[in-house]
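Each chain, written out:
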Amino acid sequence: DTAHPYPEGADTISILQAQHFYSRTSPSNSTETYALSSGSAKQAYAALWRINDKKLVAWVPSAQEVNLQQRQLLWDKTVPDVYWYTQGRDLIRAQIDFSTYEVKTKVWDSFPEFEFVTFGMGEGNFSDDGKKLVLMGKDNRTDTVYLQPYQVPNKTHFPRRALPINNPGTNWAGVDP
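Every value quoted in this text rests on a predicted model; they were computed, and no experiment measured them.

In this structure, the largest pocket encloses a volume near 220 Å³. Taken together, 13 residues make up the lining of the largest pocket; nearest its centre are Thr25, Ser26, Ser28, Trp75 and Lys77. Tallied by class, the residues present in the lining of the largest pocket amount to three nonpolar, six polar and four charged.

In structure tokens:
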């Protein structure tokens, strides 16, 4: 994919595209040189901002969402030009060439037992070492929502846990540093 100056067909950005998704995670990369906004509901792009001059430099790929919570993007904890997002049942790894703003995306892993996966229902995070996540999503055969602990480098799916049905108290999950 190639980054665009603006999403195709748009000449302005919305307030949702100009903001970061949620305050539990940092909008900036590990070197604090770039920041990402959240994805958009109508277009599969997110704003990439250069921090030193506060300039919108590109629109980068994000999820064509199945669920609202798939608008969250997470920077990699150790590689400054890599960010992650979920799309449908897939965990996507995206790498930005900061000289051209070209982005290469690849499906890192898939979760076929889910209808969709999110980073902790939109409020998730990486562990401090950048190796662990808790994905959250709805089973593709039932309405049951599951937590899916996951180790990123070796693509390990740990046993998933069902959340109690009719439990409005659980609406997000994260990784303890």
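In this section: the pairing of strand β2 (residues 45-50). Pairing analysis gives three bridges linking strand β1 (residues 34-36) to β2, with the strands arranged antiparallel. Within the sheet, the bridge partner assigned to alanine 35 lies in β2 and is tryptophan 49. The sheet contact formed by β2 and strand β3 (residues 55-61) spans six bridges and is antiparallel. Following the sheet pairing, alanine 47 is matched in β3 by tryptophan 59. Two successive antiparallel strands, β2 and β3, enclose a turn made up of four residues, where lysine 54 displays a positive phi of approximately 55°.

This brings us to the sheet that holds β3. Ordered by their spatial adjacency, three strands build an open sheet running β1-β2-β3, and the pairing between neighbours is antiparallel. The open sheet has two free edges, formed respectively by β1 and β3, since each of these has just one partner strand. Taken pair by pair, the neighbouring strands of this sheet meet at an average axis angle of 30°, ignoring direction.

Further remarks concern the side chain of serine 127. Following the sequence through the fold, serine 127 ends up in the loop between β8 (114-119) and β9 (132-139). In this structure, serine 127 is in contact with Lys77, Lys132 and Val175, ignoring residues within four places of it in sequence.

The subject of this paragraph is the nonpolar core. One finds Leu48, Val60, Tyr83 and Ile96 to be the most contacted residues of the largest nonpolar core, which totals 17 residues. Of all elements in the fold, only β1, β2, β3, β4 (73-75), β5 (82-87) and β6 (90-97) reach the threshold of two or more residues within this core. Among all residues touching leucine 48, those that are not within four sequence positions of it are Tyr34, Ala35, Leu36, Lys55, Leu56, Val57, Ala58, Val60, Trp75, Ile96, Phe98 and Tyr101. Grouped together as the second largest cluster of nonpolar side chains are 15 residues, Val82, Leu91, Trp108 and Leu135 included.

What follows is about the pattern of salt bridges. Overall, the coordinates contain five salt bridges when judged by the stated rule. Note that glutamate 115 is salt-bridged to lysine 138, the shortest N-O span being 3.5 Å. In this pair, glutamate 115 is assigned in strand β8 and lysine 138 in strand β9, connecting sequence segments 23 residues apart. For glutamate 115, a relative accessible area of 34% translates into the label partly exposed. With a closest N to O distance of 3.4 Å, lysine 132 and aspartate 129 form a salt bridge.

Calculation rules
- Residues numbered from 1 in each chain as written.
- Predicted model: local features only at pLDDT ≥ 70, side-chain atom pairs only at ≥ 80, totals over all residues.
- Heavy atoms only, no water.
- 1 Å grid on protein atoms, 1.4 Å probe; cavity = no way out; pocket = protein on both sides within 12 Å on 5 of 7 lines; lining within 4 Å.
- Points joined across faces, edges and corners; volume = space filled by probe spheres on them.
- Nonpolar A, V, L, I, M, F, W, Y, C, P; charged D, E, K, R; others polar.
- Pairing = 2+ DSSP bridges.
- Helix = DSSP H or I, 4+ residues; strand = E, 2+ residues; numbered from the N terminus.
- Axes fitted to C-alpha atoms, helices over the stretch in contact; angles between N-to-C directions.
- Contact = heavy atoms within 4.5 Å.
- Core = buried A, V, L, I, M, F, W, Y, C linked by side-chain atoms within 4.5 Å.
- Buried < 20%, exposed > 50% of the residue type's maximum accessible area, 1.4 Å probe, protein only.
- Salt bridge = Lys/Arg side-chain N within 4 Å of Asp/Glu carboxyl O.

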